[in-house]
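Coordinates in review
These are the residues of each chain, in order.
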Amino acid sequence: MNDASRRQFLQTASVAVAGAVLAGTSLAAEQTATAGGPGLANPAFLPQHEPRPLPFDPAKLHGISEKLIRSHWENNYGGSVTALNTVKQKLARVLADKDTPPYIYDDLKREHLMRTGSVVFHELYFENLGGDGQVDDASRRALTGAFGSYAAWEAEFRKIGAGLGGGSGWVILGYNLHTGQIENYWLWDHLHGPAATWPLLVMDMYEHSYQMDYGAAAPKYVEAFFQNIRWSVVASRLASAQRFIEADKTA
């Protein structure tokens with residue numbers, strides 16, 4: 001990212017933070033009074049995350065039950081939203097205590113990183129579900145250009161998912177803003193996302209995403225996932241990533 005882009009990013013971020021400050025002033029004051037510390041007045045520590053509604057009717061997915069989706073949304077994703085808000089409050093309180101050892105604070109920051117990853121990846125995952133699984137022309141061309149053929153991309157994506165079966169993790173198709181490549185990524189947990197990468201398609205491979213329907217048969221879940229991909233969302237994410245790259249080049 002060049003200097004002009006950095007300046008533009010910082011200006012945009014400043015506006016966003018200012019808006020958050022104004023929106024959260026009363027909440028921050030209430031939390032500060034309750035916690036007895038100044039940290040909670042900082043917008044970065046506001047427990048402002050709320051679960052996003054499912055963007056599709058969970059009763060209408062193919063091969064993935066409504067019961068599983070609702071449990072996944074409420075217990076796993078919803079639990080992470082609650083945990084993220086809680087850990088932010090704890091960070092503010094601990095930061096206000098000057099006697100807190102750095103290693104104690106860093107344990108909380110690790111939890112903050114993990115819960116943030118879980119919330120973001122889950123929201124992206126649910127957003128790219130609810131479709132008919134039919135890839136659009138723009139996405140097919142992009143994947144063919146990156147992998148040689150759509151079939152080659154799909155084979156690798158499925159293989160990564162099958163390898164994560166029985167354990168944990170995510171499979172992410174992403175546009176790397178640094179290298180300019182479209183690639184599939186293997187993630188073991190919520191803590192480690194691919195660097196400088198704009199997620200295009202996200203598949204949850206934690207057992208909670210399929211065990212209720214398929215037991216240990218992870219490949220059957222992967223098949224069902226492909227039947228429900230909302231490719232219009234993937235295409236929109238790809239277009240956003242490409243616009244970002246073009247804006248960066250011309251800035």
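The structure we're discussing is the one just above.
These lines cover the structure that appears in this document, whether it is placed above or below. (Residues numbered from 1 in each chain as written. Predicted model: local features only at pLDDT ≥ 70, side-chain atom pairs only at ≥ 80, totals over all residues. Heavy atoms only, no water.)

**Examining the overall build of the protein chain**
Going by this rule: Only DSSP runs of H or I covering at least 4 residues are called helices, and only runs of E covering at least 2 are called strands; the numbering of each starts at the N terminus. Any two residues having at least one pair of non-hydrogen atoms within 4.5 Å are treated as being in contact. To be clear on the numbers: accessible area is Shrake-Rupley with a 1.4 Å probe, and residue cover counts the displayed protein chains and nothing else.
Helix and strand counts for the protein chain come out as nine helices and three strands. The order of α-helices and β-strands along the protein chain, N terminus first, is α-α-α-α-α-α-β-β-β-α-α-α. When contacts within the protein chain are restricted to residue pairs at least 6 apart in sequence, long-range pairs at least 24 apart make up 69% of them. Surface summary for the protein chain: the accessible area is close to 13,200 Å², and the carbon and sulfur share equals 56%.

**Looking at helix 8 (residues 218-227)**
Formally: Only protein chains enter the accessibility calculation, which uses a 1.4 Å probe; a residue whose area is less than 20% of its type maximum is buried, one above 50% is exposed, and one in between is partly exposed.
For helix 8, the complete set of buried residues consists of A218, Y221, V222, A224, F225 and F226. Here the buried face of helix 8 lies against helix 4 (102-127), helix 6 (150-164), strand 3 (197-204) and helix 7 (211-214).

**Looking at the pairing of strand 2 (residues 182-187)**
Note the threshold: We call two strands paired when DSSP finds no fewer than two bridges between them.
As paired elements, strand 1 (residues 170-176) and strand 2 share six bridges and run antiparallel to each other. From the neighbouring strand, V171 faces strand 2, where its bridge partner is W186.

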